[in-house]
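# What the coordinates show
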Amino acid sequence: MRFVTLLWHADQPIGICVFQSPPLSLRQRNRFFGTSGRWTRTGLRALNRKLVMLSRVVLHPSWRGAGVAAQFVRASCRACPFDWIEALAQMGHINPFFEKAGFVRVGVSRSTSRTIAAHSALWGGRGRTHGTRKRKSQVSAETHAKSRHAEPVYYIFDNRR
């Protein structure tokens, strides 16, 4: 599932917000909603009807710093047909962008290990061994090398009216 909004200036697109299905389990989400993180098929269907992840926000460089981005993200979230919108962002440590857009900062996801499996788990991936099969990791070795020390901030947007 994907939902996309575009920001236009005259006839030129200057911004995009991409929403996608949420990862299976995130520690900070479980904390916020008071869930265990163990999902049944019915529970997953309910989650996917109510929750979406804002996975990408891009704004043309000439429009950055003009105060447009937070308004664009807020309007995009309001247009999104889901009750809850979540975001994970490393930049949340230095820039209150998501708070300006109306998100609530829930907490920081930290890993006790710097392995690729633990890194993938921060972002909702499955990097753990399951029985005799190794599940595919969600982050590549290159991504892991670049951001293995990441501790993303988890945000939630209440879109219920």
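The structure we're discussing is the one just above.
In this report, the structure presented in the accompanying data block is examined. Note that the structure is a prediction, hence the values are computed from the model and not measured.

## A closer look at the sheet that holds strand β5 (residues 104-108)
- What the six strands build is an open sheet, ordered β1-β2-β3-β4-β8-β5; its pairing is mixed. Both edges of this open sheet fall to β1 (2-9) and β5, since each of them pairs with a single strand only. For this sheet, the mean angle separating the axes of adjacent strands, direction not counted, is 30°.
- Where strand β4 (residues 84-89) meets strand β8 (residues 153-158), six bridges bridge the pair, whose relative direction is antiparallel.

## Points about the pairing of strand β3 (residues 51-59)
- Bridge count for strand β2 (residues 12-20) against β3 is six bridges, and the pairing is antiparallel. Among the inter-strand pairings, Gln-20 is bridged to a residue of β3, identified as Met-53.
- Strand direction decides the pairing type here: β3 and β4, joined by three bridges, are parallel. Along β4, the bridge assignment pairs Val-52 with Ile-85.
- As for the winding sense of the linkage, the β-α-β connection from β3 through helix α3 (residues 68-79) to β4 is right-handed.

The rules behind each value
- Residues numbered from 1 in each chain as written.
- Predicted model: local features only at pLDDT ≥ 70, side-chain atom pairs only at ≥ 80, totals over all residues.
- Heavy atoms only, no water.
- Pairing = 2+ DSSP bridges.
- Helix = DSSP H or I, 4+ residues; strand = E, 2+ residues; numbered from the N terminus.
- Axes fitted to C-alpha atoms, helices over the stretch in contact; angles between N-to-C directions.
- Right-handed = clockwise from strand over helix to strand, strands pointing away.

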